[in-house]
Amino acid sequence: MATAEKATELSGVGTLSGTPEQVRTGLSHLHAEQVIALTFEHGSEASVRALAATVANLAPLVRSILERRQDAAFRSIIEALVPEVPLPQHKLVEARMTAQARKAVLESGDWLTAAQIAEMAGFSTSNPSAQPNKWKKDGFIFAVRHRGVDYFPGYALDSSTDYRPAKGLARVLTVFRGQKDDWGLAYWFASINSFLGGQRPQDLLIDQPECVVAAAQDEVTGVLHG
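This section reports on the structure supplied with the text. (Residues numbered from 1 in each chain as written. Predicted model: local features only at pLDDT ≥ 70, side-chain atom pairs only at ≥ 80, totals over all residues. Heavy atoms only, no water.)

1. Some details on the overall build of the protein
Thinking step 1. Of regular secondary structure, the protein possesses nine helices and seven strands.
Thinking step 2. In summary, the protein has a C-alpha radius of gyration of 34 Å against a globular reference of 17 Å for 226 residues, an excess of more than 25%.
Thinking step 3. Along the longest, intermediate and shortest principal axes, the C-alpha atoms of the protein span 100 × 50 × 30 Å.
Thinking step 4. The buried share among the 226 residues of the protein stands at 27%.
Thinking step 5. Taking contacts inside the protein between residues at least 6 apart in sequence as the whole, the part at least 24 apart equals 52%.
Thinking step 6. Accessible surface for the protein amounts to roughly 15,500 Å². Of this, 55% is attributable to carbon and sulfur atoms.
Thinking step 7. Counting 22 positive and 25 negative side-chain charges, the protein places the averaged centre of each group 1 Å from the other. (Helix = DSSP H or I, 4+ residues; strand = E, 2+ residues; numbered from the N terminus. Rg over C-alpha atoms; globule rule 2.2 N^0.38 Å. Buried < 20%, exposed > 50% of the residue type's maximum accessible area, 1.4 Å probe, protein only. Contact = heavy atoms within 4.5 Å. Areas by Shrake-Rupley, 256 points an atom, 1.4 Å probe, with all protein chains shown as cover. Lys, Arg positive; Asp, Glu negative; His and termini not counted. Charge placed at Lys NZ, Arg CZ, Asp CG, Glu CD.)

See below:
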């Protein structure tokens, strides 16, 4: 190579390529705080230039990654130094009540996984969650999430139709759409209902679906007119 080649990036990262003497001369005119040197015993001028250009292009990316990692490390140190903030008493009471309510719901009826439903209904076991999840997506049934697993209400499956969702359930879910989440639905089905003469909706869903739908409509009407 006849002369040293120099490329200066807007980011402040530049490259020099050439013979050791040429690069040494080029460095003497620089005011850089840090320098990295790569040496090649064998290599064409074109390949050396290509590598220099690649390094110049990668340098800003490396700097950005390092800055993000430093920022993440800084935040981790701050979080470690800040003491834990205890939950307010009313939040603890609320959490305890929610846990007790969910425990009561899960104990109030049969709750089945998708695999259990597949076995009962004779679905393929290669992908047991497919049909129950489709039912849920289409609004024919609901499920509560507990410890990372979806549980479907056994009382909503009609044995006379090979354990498909009760026909009245989809109508109930439509009535409560936007009013109750999955756990809210579970609470309602498991609770004694005055509209149903002190009976639970889940106990009447299969045999008296019209009554359960009417009870749901009455609840929503009462909420709206509060």
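2. A closer look at the layout of surface pockets
Thinking step 1. Considered as a void within the structure, the second largest pocket measures approximately 170 Å³ in volume.
Thinking step 2. Lining the second largest pocket are Lys-136, Gly-139, Ile-141, Phe-142, Leu-173, Phe-176, Arg-177, Gly-178, Lys-180, Asp-182 and Leu-185.
Thinking step 3. Within the residue set of the lining of the second largest pocket, elements represented by two or more residues are helix 6 (167–176) and helix 7 (182–190).
Thinking step 4. For the lining of the second largest pocket, a count of residues per class yields five nonpolar, two polar and four charged. (1 Å grid on protein atoms, 1.4 Å probe; cavity = no way out; pocket = protein on both sides within 12 Å on 5 of 7 lines; lining within 4 Å. Points joined across faces, edges and corners; volume = space filled by probe spheres on them. Nonpolar A, V, L, I, M, F, W, Y, C, P; charged D, E, K, R; others polar.)

3. Looking at the pattern of salt bridges
Thinking step 1. A full pass over the atoms with the stated rule returns ten salt bridges.
Thinking step 2. The shortest N-O distance in the salt bridge between Lys-136 and Asp-182 comes to 3.9 Å. A residue pair is termed long-range when its members are at least 10 positions apart, and Lys-136 in helix 5 (residues 130–137) and Asp-182 in helix 7 qualify at 46 residues.
Thinking step 3. Judged by relative accessible area, Lys-136 falls into the partly exposed class, the value being 28%.
Thinking step 4. Across the pair Glu-210 and Arg-171 runs a salt bridge, and its minimum N-O distance is 2.7 Å. Remark: Arg-171 occurs in helix 6 and Glu-210 occurs in helix 9 (residues 209–225); sequence separation between them is 39 residues. (Salt bridge = Lys/Arg side-chain N within 4 Å of Asp/Glu carboxyl O.)

4. Overview of the nonpolar core
Thinking step 1. Membership of the largest hydrophobic core comes to 37 residues, with the highest contact counts inside it found for Phe-142, Leu-169, Val-172, Trp-188, Phe-189 and Leu-205.
Thinking step 2. Of all the elements in the fold, those that place two or more residues in this core are strand 3 (111–112), helix 4 (114–121), helix 6, helix 7 and helix 9.
Thinking step 3. Here this core gets six residues from one element, more than from any other, and that element is helix 7.
Thinking step 4. Not counting the four nearest positions on each side in its chain, Leu-205 is found in contact with Tyr-155, Ala-156, Ala-166, Gly-168, Leu-169, Phe-189 and Val-212. (Core = buried A, V, L, I, M, F, W, Y, C linked by side-chain atoms within 4.5 Å.)

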